[in-house]
Structures are given as structure tokens and as C-alpha cells.
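The lines below spell out each chain.
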Amino acid sequence: MKYIIYKVLAIITMLACLTGCRTDNTISGSDASNTASTEENNEIRVNFLNVGKADCIAIEIEDKLIMIDTGTTESIEVVDEYLELKGYDTIDMLFITHFDKDHVGGAAHLIENYNVGKVITTFYEAKVSDEIDNYHAALEEKGITPDLVSSDETLNVGDVSFAIYPPQQTEYEKDTSNNSSLVIRMVYGNTSFLFAGDAQKERINELLEIPDLRSDVLKIPHHGNLEKNSEDLIDYIDPDYAVITCSDEEPEDEELVELLENREITTYLTRDGMVSITSDGETLSVSQFVFM
């Protein structure tokens, strides 16, 4: 597979983002829900937002927007900026991989202020917090019943498939909340992405038993924290690119980055700016936007 790698910095990056977002005010088809769309040539775009040591991933598929996690309450302004810049008022599908505040923190705000369609989450709530209470209150207010995934599922959005792998246990020896993460593998044509939530050692062991998880892009689990079996996961997924969601205050483990570098896996850190990966089904291009 042929890949194109480039970084766009500062003003050039901002201009590229603005011009790269094509606004289509003519919506065709009864299912069209947003005025923003990706570029022509059937491209999709996966954006890993810079929301600190937290996850918020926005996936643009034609006129649809799929989001995986919502960042924190403190970082929701970054998410709003992105949505405004792109012209989205609808989130067609929202995944909540698990219920730590750095994944569910912005959910209530998004549900209250945008048209949210389907909400999909893990079947197991391992924590109690204000963020979770606010999330449930927002769901109730909007009349949304989330889909709780307890067995493997596959969903399709146009030509893009999402294989969803829920946790295999309801209790783990350690870190039940992180290990209850949904793991999602997205495939478009001959390109693939694995979003590994905050999977830690026990959950990673479960992933190592799932066949055919090899993916071009791996969202490193748990913000780049090194686990005893992180190396096994990296070798099993065998990605060309890795993305780590992290912050300057809470950076990734250097030893894990070394594992990636030793395997010549191109690695991007969201603390350096939003990472945007475009796929046409055959090739991937990667940009990093330093202002977001």
C-alpha cells in the first residue's frame, strides 16, 4: 500500500484545514443530515482532536459524522471549535468506549447542543461520577436510548464498516473501567484503523485472541501508558501509523514510543496538535494541525 506522509504547520495548516473542508449546501438523499462533507473522490477523514490526555475522535464519512469519545468537560471548547469549523450540527453516531471522565466528560454537552443520532457504548458502567450523571440526564432529556454492546457487532456507514468488540468480563483484577473499553476496528476499502480505548493488560490479552485485527493505524490504548503486553499488541496489530492521545502535562511513556520507533512505525502525538488521517480506500495521508 502506498502512503503519503506530511505535516502542515501554523498558518499553512490553518489554510489547508479551511480549504480542505468543503461546505455543500445542496443535500441530496433522505438520510443527509449535515451540510459539511469530506473532499471529493470518496475520501473519509479521521481526526484525533487535541483534547489533552483524553480521547475525542471525529470521523467524516461523506455527509456523516461519527465520533468516538468526547474528551473532558474542560476540553469541550476544542470539540465545539472543530464542529463549528467543519459546519456540523449533527453527530450521526456517538461511541462512548467507557465511562472515565476523559472519554465521557463532553458527552452531555454534545447531546444537549447537537443533533445526536445513535449512541453506542459498553454494557458495563464501572464508575460513578458527575460526568456520567450528566450524560444520563442529557440522554433522558433528548429521549435517546443508548445501544449497550455486549457481544461482537458490525455496523456499516456507507462503504465503511465498524467492528465493535466489547469487554469479555464484567470484572477485572485491576482497572475495570479502562478494561471495559469498547474496541472498534474501522475498515474502508483496503485501509483500516483500530481504536483501542483505554485497554490495559487484561483487556489487551483479550484483543490478542481476536483474529484478523491487523490494522494500518493503531490508536494506542490508554494514552501511551506502557503495559507488560504493549509490545505484544503492537506486534499483533502491526500498524504503519500509531496515534497517542496525550498532553504535555501527562505525556506518553518514552519506552512505549521507543517500541514503536524500533519497528519504524510512524507515531503522532496529539499533544503536538490534531492528527488528521485521510483515506480514499487505498492510500492514507496524514496531517498534523498545530493550532488544534
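For the structure, check the block above.
First, a word on what this report is: a plain description of the structure on this page. By convention here, each chain's residues receive numbers from 1 onward along its written sequence. At least 70 in pLDDT is required for a residue's local features to be given in this predicted model, at least 80 for side-chain atom pairs to be given and counted, and no such filter applies to totals for whole chains, interfaces and linings, which use all residues. In computing side-chain properties, one takes all heavy atoms of the structure into account and sets aside hydrogens as well as water.

With that settled, the discussion passes to the nonpolar core. In plain words, nonpolar cores are sets of buried Ala, Val, Leu, Ile, Met, Phe, Trp, Tyr and Cys residues tied together by side-chain atoms within 4.5 Å. Each residue is assigned to one of three classes by its accessible area relative to the maximum for its type, calculated with a 1.4 Å probe on protein chains only: buried under 20%, partly exposed between the two thresholds, exposed over 50%. Judged by nonpolar contacts, the single largest core of 31 residues is most densely connected at Met-67, Val-79 and Tyr-135. Numbered from the N terminus, helices here are DSSP runs of H or I no shorter than four residues, and strands are runs of E no shorter than two. Every element with two or more residues in this core is listed here: strand S6 (64-68), helix H2 (76-86), strand S7 (90-96), helix H4 (107-113), strand S8 (115-122) and helix H5 (130-142). Contact criterion: two residues are considered in contact whenever any of their non-hydrogen atoms come within 4.5 Å of each other. Not counting the four nearest positions on each side in its chain, Met-67 is found in contact with Cys-56, Ile-57, Ala-58, Val-79, Ile-91, Met-93, Leu-94, Phe-95 and Leu-110. Within the second largest apolar cluster, 30 residues are counted, among which are Ile-59, Phe-95, Val-149 and Val-275.

The next thing to look at is the side chain of Asn-178. On the secondary structure map, Asn-178 appears in helix H6 (residues 176-179). You can call Asn-178 buried: its relative accessible area is 7%. Counted as a polar contact is a pair of N or O atoms within 3.5 Å, where, for protein atoms, one must be capable of donating a hydrogen and the other of accepting one, and residues adjacent in sequence contribute only when both atoms are in side chains. Of note is the side chain of Asn-178, whose polar atom sits 3.3 Å from the side chain of His-98. A polar side-chain atom of Asn-178 sits 3.4 Å from a polar atom in the side chain of His-222. With near-sequence residues (within four places) excluded, Asn-178 lies in contact with His-98, Asp-100, Asp-198, Ala-199, Gln-200 and His-222.

Another point: unusual backbone geometry. One can expect most non-glycine residues to show negative phi and most peptide bonds to be in trans. With a phi angle near 60°, Asp-212 is a residue other than glycine that sits in the positive phi range. With respect to the element layout, Asp-212 can be found in the loop between helix H7 (201-207) and strand S14 (217-219). The exposure class assigned to Asp-212 is exposed, which follows from its relative accessible area of 66%.

Below, the discussion takes up H5. Multiplying 1.5 Å by the residue count of a helix minus one yields the expected span of that helix. The end-to-end C-alpha distance of H5, which contains 13 residues, comes to 18 Å, matching closely the 18 Å that a straight helix rising 1.5 Å per residue would cover. All buried positions along H5 are accounted for by Glu-131, Ile-132, Tyr-135, Ala-138 and Leu-139. For H5, the angular spread of buried residues about the axis comes to 125°, placing them on one side. H5 presents Asp-130, Glu-140 and Glu-141 as exposed residues on the side facing more than 90 degrees away from its buried surface. Gly-143 occupies a position one or two residues after H5 and carries a positive phi of about 70°. The directions considered for the arc are those from the helix axis to the C-beta atoms.

Whether two aromatic rings pair depends on their centres lying within 6.5 Å, for rings of Phe, Tyr and Trp, where Trp uses its six-membered ring; planes under 30 degrees apart make the pair stacked, over 60 edge-to-face, and the rest tilted. Applying the stated rule across the entire model yields 6 aromatic pairs. Between Phe-99 and Tyr-135 the ring centres are 5.7 Å apart and the planes differ by 55°, which places this aromatic pair in the tilted class. Placement of Phe-99 in the loop between S7 and helix H3 (101-104) and of Tyr-135 in helix H5 is noted, with a sequence separation of 36 residues between them. Seen from their ring centres, Phe-193 and Phe-195 are 6.1 Å apart, and the 10° between their planes marks the pair as stacked. Residue Phe-193 shares its accessibility class with Phe-195, and that shared class is buried.

In this section: a negative patch on the surface. Patch membership is restricted to residues that have no salt bridge and whose relative accessible area is over 30%. Joining uses 9 Å for like charges and 5 Å for the nonpolar side chains Val, Leu, Ile, Met, Phe, Trp and Tyr. In this description, accessible areas are obtained by the Shrake-Rupley approach with a 1.4 Å probe, and a residue is regarded as covered only by the protein chains that are shown. Definition used for salt bridges: Asp or Glu carboxyl oxygen within 4 Å of a side-chain nitrogen of Lys or Arg. Under this rule, positive means Lys or Arg and negative means Asp or Glu; His and the chain ends count for nothing. Charged side chains are reduced to one point each, which is NZ for Lys, CZ for Arg, CG for Asp and CD for Glu. Taken together, Glu-254, Glu-255, Glu-258 and Glu-261 make up a surface patch of like negative charges. With respect to the helices and strands, Glu-258 occurs in helix H9 (residues 254-262).

We now examine the pattern of salt bridges. With the rule as written, the count across this model stands at 12 salt bridges. Here Lys-53 and Glu-250 are joined by a salt bridge, their closest N and O atoms 3.8 Å apart. Remark: Glu-250 occurs in the loop between strand S15 (241-244) and H9 and Lys-53 occurs in the loop between strand S4 (44-48) and strand S5 (57-61); sequence separation between them is 197 residues. Here Lys-53 falls in the partly exposed class, since its relative accessible area comes to 23%. Its relative accessible area of 42% is what places Glu-250 among the partly exposed residues. We note a salt bridge from Arg-271 to Glu-252, for which the minimum N-O separation is 2.8 Å. In this pair, Arg-271 sits in the loop between strand S16 (266-269) and strand S17 (274-279) while Glu-252 sits in the loop between S15 and H9, placing the two residues 19 residues apart along the sequence. Judged by its relative accessible area of 10%, Glu-252 falls in the buried class. Among the charged side chains, a network of salt bridges with common partners joins Arg-45, Glu-60 and Lys-86.

By themselves, these are just geometric observations and shouldn't be taken as functional.
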